[in-house]
Amino acid sequence: MRALHRLYLASGLLSAASLVAICGLILAQVVARNLGSTVRDAEEFAAWAMAAAGFFGLPYALHCGSHIRVQVFTRFLSPAPQHVLEVVASLIGLALSAFLAWYCVAFVLESYNFKEVSQGLVPVPLWLPQLPMALGSILLVVAFAERLVCVLRHRQFELGDNAEMSE
């Protein structure tokens, strides 16, 4: 489990690095425009970094318990029905994330097989900026699978306020 927790942390760090890249690209574009120039395809690269930040952030956010959870109904239930709902929610999350991952991987493979390239000034094979989408969604499937196992074993998956990554 420690390896998976490190993997979620690495995914979160990649998400943060993507956000830093967006900041760097925008800053470079601002400076270049003030100097009478531009940074080629900065907007396109920033958009790809935004997608990478979102998808790489998903497994880390799930592990940290940062996703929005509505407990208006479940807090009034006894532990047994709460557990059943947690199992059902984990199964639904696993199914939806697996569906997402399947189609993200298919999308990347299609771009690779058809040798698609970006339409901007810098020709980039499209499977490269699409790859973080597929990897992030695959990691989300792994995280939901681990969460399901933890819920079935009556163990905590999400990190609490005082928990550490080394659990």
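Residues numbered from 1 in each chain as written. Predicted model: local features only at pLDDT ≥ 70, side-chain atom pairs only at ≥ 80, totals over all residues. Heavy atoms only, no water.

Another aspect to go through is the layout of surface pockets. Looking at the largest pocket, its volume works out to about 430 Å³. Around the largest pocket, the lining is made up of 21 residues, and of these Ile68, Arg69, Ala89, Phe144 and Arg147 lie nearest the centre. Elements that contribute at least two residues to the lining of the largest pocket include exactly helix H2 (42–64), helix H3 (79–113) and helix H4 (127–152). Of all the elements, H3 adds the most residues to the lining of the largest pocket, at 6 residues. Each residue belonging to the lining of the largest pocket can be placed in one class, and the counts come to 10 nonpolar, 7 polar and 4 charged. There is about 360 Å³ of room inside the second largest pocket. Around the second largest pocket sit 15 residues that line it, and Arg69, Glu86, Arg147, Gln156 and Glu158 are the ones nearest its centre. Broken down by secondary-structure element, the contributors of at least two residues to the lining of the second largest pocket are H3 and H4. Among the residues forming the lining of the second largest pocket, the class breakdown is 3 nonpolar, 7 polar and 5 charged. (1 Å grid on protein atoms, 1.4 Å probe; cavity = no way out; pocket = protein on both sides within 12 Å on 5 of 7 lines; lining within 4 Å. Points joined across faces, edges and corners; volume = space filled by probe spheres on them. Helix = DSSP H or I, 4+ residues; strand = E, 2+ residues; numbered from the N terminus. Nonpolar A, V, L, I, M, F, W, Y, C, P; charged D, E, K, R; others polar.)

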